[in-house]
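One-letter residues, chain by chain:
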Amino acid sequence: MIKLFGQKTSSVKQERHMNDLKFTSAGDFLKSQEPVKQFIAAMDNSGGSAGGVLD
Amino acid sequence: MERIHEFRLRMMSAPEFISDNIFGAILYKDSVERGAVDVLDKKCIRSIIKIDEGCEPDGTLKPFDIDGMIQYTLDHGCYGTKMRSVVKSESIMVPIVKQQMMYAEKIAAAGLVPIIEPEVPIDHPFKEKIESDLSIYLESRLTKFQGDCILKVTPPEKPGLYDYFTKLKNVKVVFLSGGYSTKEACKRLSRNSGVSASFSRALSEGLKYPQSDKEFNDLIDSNIRKIVLASG
């Protein structure tokens, strides 16, 4: 079960710091010499390249 | 814009869209304004903002307020930034990388992780040559880079081309899908060790707005599992 964070944008950084252990390690992703199975979801396209997703 | 935002929220809500599979998600500023960072925070997935304003006809970045976007990224508790350029010719490759690195140094100095993306079009007639030149020039620049960064590149014609960067402690290499199908993007990814994905097209392949939640979730979960399997 994922614990919910606070909702106020102004406190996001502080909340994230307090809950940092809930996030997977950035160091593991960036610096591990072992295979990393996580990836980055690119959600910054308009949908056009995905072939008319809104049709 | 409402529908595309709803579409993205459905993607983020899928059962397999979790931090075990997804390290971070790249968002438009519009998605940030609509509360996407909070949605991702609840899933312990890092938010990364696309900060550029698109490309000039030659593929370099259009002018944008880099200082303002750095501050915006910090204010919204995001992990990093992304800027995409398009390497349309060999002659524009060096100016593109210089521009990306100039901005990346400012971003890293602010404590953020920049994604630098000098994309080589997948159908470029000289793709392999440009990729080879790009990797050589990037090596000369990234070796000296202070701070962490993520290098987002087109899956190369020559497997292992970016191996050098996977050994650097401050650089993570990820591949874009760039118009390749999920199957082709994953095949190319699996041929390169130490590399992860940063897919858009290949992540959303087959998804349609009118699909039922089950159809939608089954498809994106399947895409996520394929990408995870091919990563690393």
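Before reading on, note that the structure itself is shown above.
Note that the structure is predicted; figures quoted are calculated from it, not measured.

## Some points on the sheet that holds strand β3 (residues 80-86) of chain B
- The parallel open sheet is built from 8 strands, whose spatial order is β1(A)-β1(B)-β2(B)-β3(B)-β4(B)-β5(B)-β6(B)-β7(B). Looking at which strands have only one partner, the edges of the open sheet turn out to be β1 (39-43) of chain A together with β7 (196-197) of chain B.
- Strand direction decides the pairing type here: β1(A) and strand β1 (residues 22-27) of chain B, joined by 5 bridges, are parallel. When the sheet's bridge partners are listed, A:Ile40 is paired in β1(B) with B:Gly24.

## Concerning helix α5 (residues 90-109) of chain B
Residue and element names in this part refer to chain B.
- Its 20 residues give α5 an end-to-end C-alpha distance of 30 Å, which sits within 8% of 28 Å, the value for a rise of 1.5 Å per residue.
- For α5, every residue scored as buried is listed here: Met93, Ile96, Val97, Gln100, Tyr103, Ala104 and Ile107. One side of α5 holds all its buried residues, which, seen down the axis, span an arc of 140°. Of the exposed residues in α5, the ones pointing more than 90 degrees away from its buried face are Ser91, Met102 and Ala109.
- Packed against the buried residues of α5 are α4 (66-75), β3, β4 (113-119), α6 (127-142) and β5 (149-153).
- Gly111 sits one or two positions beyond α5 and adopts a positive phi of about 90°.

## Regarding the pairing of β1(B)
Residues and elements named next belong to chain B.
- Counted residue by residue, β1 has 6 buried out of 6 residues, so it is predominantly covered.
- In this sheet, strand β2 (residues 46-50) lies alongside β1 in parallel orientation, the contact comprising 4 bridges. Counterpart to Ala25 in the pairing with β2 is Ser47.

## What to know about the packing of α5(B) against α6(B)
Residues and elements named next belong to chain B.
- Running from amino to carboxyl end, α5 crosses α6 at an angle of 35°, the nearest separation of the two axes being 10 Å. In this structure, α5 crosses over α6, and the sense of that crossing is right-handed. Counting all contacts with α5, which are made through Glu90, Met93, Val94, Val97 and Met101, the residues of α6 involved are Lys129, Ile130, Asp133, Leu134, Tyr137, Leu138 and Arg141.

## Structural notes on the pairing of strand β6 (residues 171-175) of chain B
Residue and element names in this part refer to chain B.
- When you tally the buried positions in β6, you get 5 out of 5 residues, the bulk of the element.
- Of the two faces of β6, the one holding Val171, Val173 and Phe175 and the one holding Lys172 and Val174 are both buried throughout.
- Pairing of β6 with β7 involves 2 bridges; the strand directions are parallel. Across the sheet, Phe175 pairs through a bridge with Ala197, a residue of β7.
- One crossover worth recording links β6 to the parallel β7 by way of helix α8 (residues 182-190), and it is right-handed.

Rules and cut-offs
- Residues numbered from 1 in each chain as written.
- Chains lettered and ligands numbered in written order.
- Predicted model: local features only at pLDDT ≥ 70, side-chain atom pairs only at ≥ 80, totals over all residues.
- Pairing = 2+ DSSP bridges.
- Helix = DSSP H or I, 4+ residues; strand = E, 2+ residues; numbered from the N terminus.
- Expected span 1.5 Å × (residues − 1).
- Buried ≥ 20, exposed ≤ 12 C-beta atoms within 10 Å, placed from the backbone.
- Arc of directions from axis to C-beta.
- Contact = placed C-beta atoms within 7 Å.
- Axes fitted to C-alpha atoms, helices over the stretch in contact; angles between N-to-C directions.
- Left-handed = near helix turned anticlockwise from the far one by under 90°.
- Right-handed = clockwise from strand over helix to strand, strands pointing away.

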